[in-house]
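# Fold and contact review
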Amino acid sequence: MVEYIHRVKREEAEVLLQDSDYTLGEISNYLGYANQSHFIAVFRRIYSMTPMRYRDRCR
């Protein structure tokens, strides 16, 4: 169950970074991360890049 929740959060983060202008703080809050720093750290560990770099590459 935990892995499913993590996967859904990853997929939603991808969509929000690609298709919205929400800030990282807004995205991390929406996805239920403790804070923006935690969201960035988790994202970087999974994708080997920051969320902003991911957003820049997808646009």
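I will try to describe carefully the structure that is included in this document. (Residues numbered from 1 in each chain as written. Predicted model: local features only at pLDDT ≥ 70, side-chain atom pairs only at ≥ 80, totals over all residues. Heavy atoms only, no water.)

### Things to note about the overall build of the protein chain
Each helix and strand counted, the protein chain has 4 helices and 0 strands in total. In the protein chain, the succession of α and β elements from N to C terminus is α-α-α-α. Computed over C-alpha atoms, the radius of gyration of the protein chain comes to 11 Å, within 12% of the 10 Å expected from 2.2 N^0.38 for 59 residues, which places it in the range of a compact globule. With respect to the principal axes defined by its C-alpha atoms, the protein chain has extents near 30 × 20 × 20 Å. Each of the 59 residues in the protein chain was classed as buried or not, and the buried ones make up 31%. Of all intrachain contacts in the protein chain linking residues separated by at least 6 positions in sequence, the fraction that spans at least 24 positions is 44%. Approximately 4200 Å² of the protein chain is accessible, and the part contributed by carbon and sulfur atoms is 51%. Distance from the positive charge centre (9 side chains) to the negative charge centre (8 side chains) of the protein chain: 7 Å. (Helix = DSSP H or I, 4+ residues; strand = E, 2+ residues; numbered from the N terminus. Rg over C-alpha atoms; globule rule 2.2 N^0.38 Å. Buried < 20%, exposed > 50% of the residue type's maximum accessible area, 1.4 Å probe, protein only. Contact = heavy atoms within 4.5 Å. Areas by Shrake-Rupley, 256 points an atom, 1.4 Å probe, with all protein chains shown as cover. Lys, Arg positive; Asp, Glu negative; His and termini not counted. Charge placed at Lys NZ, Arg CZ, Asp CG, Glu CD.)

Spatial relationships are all this shows, so hold off on functional conclusions.
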